[in-house]
Amino acid sequence: MSQFKVEKNRVPASLSLATGQTITGCFFVLGSLNNAVGYERIGDVLNAEDGFFPFLREDGTTAQYNRAHIVLVRLPGGLDEEALEPGYDAAQRRSVVITLSTGARIDGSITVYGPVGYDRLSDYARRARHFRYVVTPFGSVIVNADHIVEVIEKSDS
């Protein structure tokens, strides 16, 4: 084994690409980090840098995917990575409908992190992170903000 090899865990997910394809497989994530969470999440991998990341496809091949062309990542049922985000329990939740560049619509809720007065939908829209969590009735997804065309806040009525 190479002295430079780093052991990683595999976390299942599916990628929705700008081409319209859906690819199912696994992300490679570090099992431990020196951060508040303790381990690397798929959201961390996607937001770490620009360019490509490795993804193990169902057929056993590992492909490199360009982050810019990932529209949406569907996480496995029951995996709520965002709940580990610092400030999650105190953050404001907003029910929204998001329209993506592919025409797909996501009906779910987002979390807006910020002090009182900076927790509006417009603050979410200006957030620096490219990849953002959305909780849907079918589980959590991670959306590439570069592929968000429209975000509409739903009324509670």
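Shown above is the structure to which this text applies.
This structure is a prediction, so every number in the text was calculated from the model and none was measured.

Draft legend 1. Quick look at empty space enclosed by the protein. In this structure the tally under the stated criterion is one cavity of 30 Å³ or more. Space inside the largest cavity adds up to approximately 40 Å³. Lining the largest cavity are Glu82, Glu85, Tyr113, Arg127, Arg129, Phe131, Arg132 and Tyr133. A per-class count over the lining of the largest cavity returns three nonpolar, no polar and five charged.

Draft legend 2. Broad picture of the nonpolar core. Of all hydrophobic cores here, the largest spans 20 residues; its most connected members are Leu15, Phe27, Ile42, Phe53, Tyr65 and Val73. Only strand S1 (8-17), strand S2 (22-30), helix H1 (42-48), strand S3 (52-57), strand S4 (62-66), strand S5 (70-74) and strand S8 (131-136) provide two or more residues apiece to this core. The leading source of residues in this core is S1, at four residues. In this structure leucine 15 touches Gln21, Thr22, Ile23, Phe27, Phe53, Phe55, Tyr65, Ile70, Leu72 and Val73, once residues within four positions along its chain are discounted. Of all hydrophobic cores here, the second largest spans 13 residues; its members include Val96, Leu100, Ile110 and Val134.

What counts and how
In every chain, residue numbers begin from 1 and rise along the written sequence. Two thresholds apply to this predicted model, a pLDDT of at least 70 for residue-level local features and 80 or more for giving and counting side-chain atom pairs, whereas whole-chain, interface and lining totals are computed over all residues. Side-chain figures throughout are based on the complete set of non-hydrogen atoms in the structure, without hydrogens or water. Residues are called lining when one of their atoms sits within 4 Å of a cavity or pocket point, these points coming from a 1 Å grid over the protein atoms alone, where a cavity is a set in which a 1.4 Å probe fits but cannot get out and a pocket is an open set with protein on both sides within 12 Å along at least five of seven lines. Grid points are joined across faces, edges and corners, and a volume is the space filled by probe spheres set on the points. Following the grouping adopted for this structure description, the nonpolar residues are Ala, Val, Leu, Ile, Met, Phe, Trp, Tyr, Cys and Pro, the charged ones are Asp, Glu, Lys and Arg, and the polar ones are all others, Gly among them. Nine residue types can take part in a nonpolar core, namely buried Ala, Val, Leu, Ile, Met, Phe, Trp, Tyr and Cys, and a core is a set of them joined through side-chain atoms within 4.5 Å. Buried means the residue's accessible area, taken with a 1.4 Å probe over protein chains only, is under 20% of the maximum for its type, while exposed means over 50%, and partly exposed covers the values in between. Numbered from the N terminus, helices here are DSSP runs of H or I no shorter than four residues, and strands are runs of E no shorter than two. Whether two residues are in contact is decided by their heavy atoms, any of which lying within 4.5 Å being enough.

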